[in-house]
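Chain by chain, the residues run as shown.
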Amino acid sequence: MELRQLQYFLVVAEELHFGRAAERLHIVQSAVSQQVHRLERELGVALFERTTRTVRLTEAGQRLRPHAERVLGAVADAREAIDELRTERTGTIRLGTSTGLGTRLDAILLEYARLAPDAYLELVHVDAQERTKRVRSGELDAAVVRGDLEAPDLELLPLWSDVLVAVVPARHDLAVLREIDLARLADLPLRLVGRARNPGLHDLIVGCCRDAGFEPLLGPELSSDQDNTLAAIGFGRPSWTVYYASMAQRLSVPGVVFRPLRDPEPVMPSYLVVRPDPPRAELRALITACHAADE
């Protein structure tokens, strides 16, 4: 049983005339008759009594009519619901973000508001792996991610690069230095976010330590509570971690100091991840705003 067969049946039931039904449906009369015949054969009953002058519903036709109306009504409701969702999403961009964007996020928001004043930018904060998954599934329109990643089914648009600085206890001997050679941190436990949560950051810092000639001694993983992590570094057992320089500039935390690193200096590339589909106007505005944030 096809939806169009029910549709044709209902129009004939309303008009009680195959010719007028065909005119309403903008098709030839033979197509209407053919589909109604197919429906009758499938159901095994006649739906109309036909004479040369009249057409009227049989008892079977009368019983089918309310069911057909409900089926087509449900289809119409489903289409309307999807249309409403499409309308709601038109003009709204969902962007996956992370901590540490600093003033760049402010610049993106301001530039996007200028480029698309009638659109809305919804920020969704989830971890790096989840951001990529949600772009792929369509739950997010785009996401800012850091570090190189393998995503052949997505498009990675290069944005900016961020310098990372060391966070060391204020009471430690290294705190008096204006900048720290990375090799001098070899004896201190390194506190990093788990690789499963942020492989880009984890791999960058561990790789830089190896380039400096040592294998980092990994301490407890960074917690999601920033204040607790910095307090643990400042007042607990000596350890160190890294912060994005743009974020560190905004912080004043007792017990720790932020110091530039060198030999090597950790630099994290950032990308805007999008699906490879042609972008709608609102997404194009976001892409432009993200590039402008690095100017």
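Note that the structure is predicted; figures quoted are calculated from it, not measured. Just so you know, the residues in each chain are numbered from 1, in the order the chain's sequence is written. For a predicted model such as this one, the threshold for reporting local features is a pLDDT of at least 70, and the threshold for listing and counting side-chain atom pairs is 80 or more; totals across whole chains, interfaces and linings nevertheless cover every residue. Remark: hydrogens and water are excluded; side-chain values derive from all non-hydrogen atoms of the structure.

Student: Just checking my understanding: could you explain the pattern of salt bridges for this structure?
Tutor: A side chain with one charge can pair with a side chain of the opposite charge if their charged atoms come near. The term salt bridge refers to a pairing of a side-chain nitrogen on Lys or Arg with a carboxyl oxygen on Asp or Glu at a separation within 4 Å. What the rule picks out here adds up to 21 salt bridges. Between arginine 50 and glutamate 40 there is a salt bridge, with its nearest N and O atoms 3.2 Å apart. Residue arginine 50 is located in strand β1 (residues 48–50), and its partner glutamate 40 is located in helix α3 (residues 29–43); the two are separated by ten residues in the primary sequence. Note that aspartate 141 and arginine 280 form a salt bridge whose closest N and O atoms lie 3.4 Å from each other. Separated by 139 residues along the polypeptide, aspartate 141 in the loop between α6 (128–137) and β5 (142–146) and arginine 280 in the loop between β10 (267–274) and α10 (281–292) bring together distant segments of the chain. Runs of H or I in DSSP of at least four residues are treated as helices and runs of E of at least two as strands, each being numbered from the N terminus.

Student: Quick question: what am I supposed to make of a nonpolar patch on the surface here?
Tutor: A contiguous nonpolar surface patch, about 250 Å² in accessible area, is contributed by Met1, Leu43 and Val45. Examined against the element boundaries, valine 45 turns out to sit in the loop between α3 and β1. Think of it in three bands: with a 1.4 Å probe and only protein chains considered, a residue is buried below 20% of the maximum accessible area for its type, exposed above 50%, and partly exposed in between. What makes valine 45 partly exposed here is its relative accessible area of 36%. Patch definition: residues above 30% relative accessible area lacking any salt bridge, with like charges linked at up to 9 Å and the nonpolar side chains Val, Leu, Ile, Met, Phe, Trp and Tyr linked at up to 5 Å. Areas reported as accessible are Shrake-Rupley estimates using a 1.4 Å probe. Residue values count occlusion only from the protein chains shown.

Student: Looking at this structure, how should I read the packing of helix α2 (residues 18–25) against α3?
Tutor: Helix-helix packing: each pair is described by the crossing angle between the helix axes and the interaxial distance. One way to put it is that α2 packs onto α3 with a least axis distance of 8 Å and a crossing angle of 105°. Between α2 and α3, the angle falls in the class roughly perpendicular. Every residue of α3 that contacts α2 at Phe18, Gly19, Ala22 and Leu25 is listed here: Gln29, Val32, Ser33 and Val36. Classifying every residue of the contact of α2 with α3 by side-chain character gives five nonpolar, three polar and no charged. Think of each axis as a best-fit line through the C-alpha atoms, taken over the contacting stretch in the case of a helix, with angles from 0 to 180 degrees between the N-to-C directions. Any angle that falls under 35 degrees is termed roughly parallel, while one over 145 is termed roughly antiparallel, one within 65 to 115 roughly perpendicular, and all others oblique. Throughout, a residue-residue contact means that at least one pair of heavy atoms, one from each residue, lies within 4.5 Å. In this count, Pro and Cys sit with the nonpolar residues alongside Ala, Val, Leu, Ile, Met, Phe, Trp and Tyr, while Asp, Glu, Lys and Arg are called charged and the others, Gly among them, polar.

Student: Help me understand α6, please; the structure alone is not making it clear to me.
Tutor: Residues that lie three or four places apart on an α-helix share one face, since the helix turns once every 3.6 residues. Taken as a whole, α6 has its buried residues at Ala128, Arg131, Thr132 and Val135. End-on, the buried residues of α6 take up no more than an arc of 95°, which puts them together on one face. Against β3 (92–97), β5 and β10 lie the buried residues of α6. Between the side-chain oxygen of the N-cap and the backbone nitrogen of glutamate 130 there are 2.9 Å, and the N-cap of α6 in question is aspartate 127. The directions considered for the arc run from the helix axis to the C-beta atoms. Here a polar contact is recorded for every N or O atom pair within 3.5 Å, except that within protein the pair must consist of a potential hydrogen donor and a potential acceptor, and residues adjacent in sequence are included only if both atoms are side-chain atoms.

Student: Would you take a moment to explain the packing of aromatic side chains for this structure?
Tutor: Two measures describe an aromatic ring pair: the distance that separates the ring centres and the angle between the ring planes. Aromatic rings from Phe, Tyr and Trp, with only the six-membered ring used for Trp, were paired whenever their centres fell within 6.5 Å, and each pair was classed as stacked if the ring planes differed by under 30 degrees, edge-to-face if by over 60, and tilted otherwise. Counted by the stated rule, this structure contains three aromatic pairs. Taking 5.5 Å as the distance between ring centres and 50° as the angle between the ring planes, the aromatic pair formed by phenylalanine 9 and phenylalanine 48 counts as tilted. In this pair, phenylalanine 9 sits in helix α1 (residues 3–15) while phenylalanine 48 sits in strand β1, placing the two residues 39 residues apart along the sequence. Relative to phenylalanine 48, the ring of phenylalanine 18 lies with its centre 5.9 Å away and its plane at 70°, an arrangement referred to as edge-to-face. Here phenylalanine 48 lies in strand β1 and phenylalanine 18 lies in helix α2, a separation of 30 residues in the sequence. Each member of the pair, phenylalanine 18 as well as phenylalanine 48, is classed as buried.

Student: I tried to follow the pairing of strand β8 (residues 241–244) on my own but got confused; where do I start?
Tutor: Where a strand is regular, its side chains alternate between the two sheet faces. Across the two faces of β8 the burial is the same, with Thr241 and Tyr243 and Val242 and Tyr244 all buried. Paired strands, in this sense, are two strands between which DSSP finds at least two bridges. Here strand β6 (residues 155–169) pairs with β8 via four bridges, running antiparallel. Paired with leucine 164 across the bridge in β8 is tyrosine 244.

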